[in-house]
Structure formats: structure tokens, C-alpha cells
Amino acid sequence: MRILEYPDPGLKLEARELDKESVRHLRTLVRRMTRAMRDAPGIGLAATQVGVQERVIVYEIDDELTALVNPRIVYASDECAVEEEGCLSFPGLVVPIERPVRVVCDGATAEGEPVRIEADDLTARVIQHEIDHLDGVLIIDRAEPDERKAALKRYRQERL
Ligand code: ZN
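Fair warning: this is a prediction, and the values are worked out from it, not measured in the lab.

Enquirer: An account of the overall build of the chain is needed here, citing residue identities and associated values.
Expert: When its secondary structure is counted, the chain shows 4 helices and 7 strands. Reading the chain from its N terminus to its C terminus gives the helix and strand order α-β-β-β-β-β-β-β-α-α-α. The C-alpha atoms of the chain give 15 Å as radius of gyration, which agrees with the globular expectation for 160 residues (15 Å, within 12%). Referenced to the eigenvectors of the C-alpha coordinate spread, the extents of the chain come out at roughly 45 × 35 × 30 Å.

Enquirer: Mind laying out the side chain of Asn 70, listing which residues take part and the relevant values?
Expert: For Asn 70, the position within the fold is in strand E3 (residues 64-76). On the basis of relative accessible area, Asn 70 is assigned to the buried category, the value being 16%. At 2.8 Å, the side chain of Asn 70 forms a polar contact with the backbone nitrogen of Leu 18. With residues near it in sequence (within four places) discarded, Asn 70 still touches Glu 17, Leu 18, Arg 55, Asp 106 and Gly 107.

Enquirer: Please give an account of the side chain of Glu 130 that cites residues and values.
Expert: Of note, Glu 130 is situated in helix H2 (residues 121-134). Put simply, Glu 130 is tucked away with no salt bridge, and the nearest opposite charge, on Arg 99, sits 8.4 Å away. Apart from the residues lying within four places of it in its own chain, the contact partners of Glu 130 are Gly 44, Leu 45, Ala 46, Gln 49 and Ile 57.

Enquirer: Lay out the packing of aromatic side chains with the relevant residues and their values.
Expert: Tallied over the entire structure, the rule returns 3 aromatic pairs. Here the aromatic rings of Tyr 6 and Phe 90 are separated by 4.8 Å at their centres, their planes lie at 20°, and the arrangement is stacked. Taken as a pair, Tyr 6 in the segment before helix H1 (23-39) and Phe 90 in the loop between strand E4 (80-86) and strand E5 (94-100) lie far apart in primary sequence, 84 residues in all. The class of Phe 90 is buried, set by a relative accessible area of 0%.

Enquirer: Account for the layout of surface pockets, with residues named and values stated.
Expert: Within this model, the largest pocket holds a volume of roughly 200 Å³. Lining the largest pocket we find 15 residues, and of these Ile 43, Gly 86, Val 126, His 129 and Glu 130 sit closest to its centre. Among the elements of the structure, E4 and H2 are those that each provide at least two residues to the lining of the largest pocket. Looking at the lining of the largest pocket, its residues break down into 5 nonpolar, 6 polar and 4 charged.

Enquirer: Give me unusual backbone geometry: which residues, what numbers.
Expert: At the junction of Tyr 6 and Pro 7, the peptide bond is cis and its omega measures out at 10° in the coordinates. For Pro 7, the location among the structural elements is in the segment before H1. Its identity as a non-glycine residue notwithstanding, Asn 70 has a phi of 50°, on the positive side. With a phi close to 50°, Asp 121 is a non-glycine residue in the positive phi region. Here Asp 121 is to be found in helix H2.

Parameters and conventions
Residues numbered from 1 in each chain as written. Predicted model: local features only at pLDDT ≥ 70, side-chain atom pairs only at ≥ 80, totals over all residues. Heavy atoms only, no water. Helix = DSSP H or I, 4+ residues; strand = E, 2+ residues; numbered from the N terminus. Rg over C-alpha atoms; globule rule 2.2 N^0.38 Å. Buried < 20%, exposed > 50% of the residue type's maximum accessible area, 1.4 Å probe, protein only. Polar contact = N/O pair within 3.5 Å; in protein donor to acceptor, adjacent residues only side chain to side chain. Contact = heavy atoms within 4.5 Å. Lys, Arg positive; Asp, Glu negative; His and termini not counted. Salt bridge = Lys/Arg side-chain N within 4 Å of Asp/Glu carboxyl O. Phe/Tyr/Trp six-rings, centres within 6.5 Å; stacked < 30°, edge-to-face > 60°. 1 Å grid on protein atoms, 1.4 Å probe; cavity = no way out; pocket = protein on both sides within 12 Å on 5 of 7 lines; lining within 4 Å. Points joined across faces, edges and corners; volume = space filled by probe spheres on them. Nonpolar A, V, L, I, M, F, W, Y, C, P; charged D, E, K, R; others polar.

Following this line, the structure appears as C-alpha cells:
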């Protein structure tokens, strides 16, 4: 499963919600996404990054693998932090991005069971980053305008 890299237009597509009938197909998708994420290697991947416009994300932090279907942020803290963020669709690039430090995320497991995840720090950041992908939003879209310009310049130079 190939991970799309910027400026692939597929990264700007919005993913659609999944219903219960999709469960069988989901196990295969989650397995393939997990393999692609680990091979990269990375700590998070959204289905849109592998050309599938369905609301599915996987992430793996501290050896704990989580797959979420139809993830939705239902709470985000007022407290924010700026951290350098990378992305498997922008190899070699990191961009400082401000995000809430704590979130609560509702969704479903790959088996279709409802799940609520309370996350902070790195996990909260990864969840927000991957949900952004499902909406076609990339790290450069979250960066300050000056930083976006500089980041794209660095990225293009590195890929020549
Ligand atoms: Zn990413």
C-alpha cells in the first residue's frame, strides 16, 4: 500500500463516513494501513494518505495500536502547545504547529464498537493530525503563513 506524498491531489480529498456494513472490508484496510505505517516507519496514518476516502485512522504510540473509524473530536482543551510535526506525506519535513493539548475523540473500533478516547500530549496531537487528513487538511495548512512558505520551499528543495 503506497503512501501518497504531497503534492498528490488525493491528499486534498475529503473522506466519507462509514456504516456498519463496511466492517469486513475494514479489517483488511486497517491491516494494510498498519503495515504501511510501520514500514514507513510512522506513528499515525489516515486512509486518505493511501488513496482511500473513508474515515479511518490508525496510530501506534508506546507499542499500543489503535484503529478508529469515523473519529470525531468532541472536546478540545483551551490550552494549546506548539510542537514540531512531521507527516508521512511530507518526507523529511517538520513544521511547528499549535494544537490543543487534550482532546476527547468519539468513534468506533474496526469491529464497529463505539469507543471514546481521552488523549493528551503526543496522542492528542496525532489524533488531530490524522483527523485533519480525513478532511483534506495538511500540516502546511495548519502552519503560520510565513512558516508555510518556508516549509514548502524546504520541501521542494529536498525533493529535487
Ligand atoms: Zn500526516
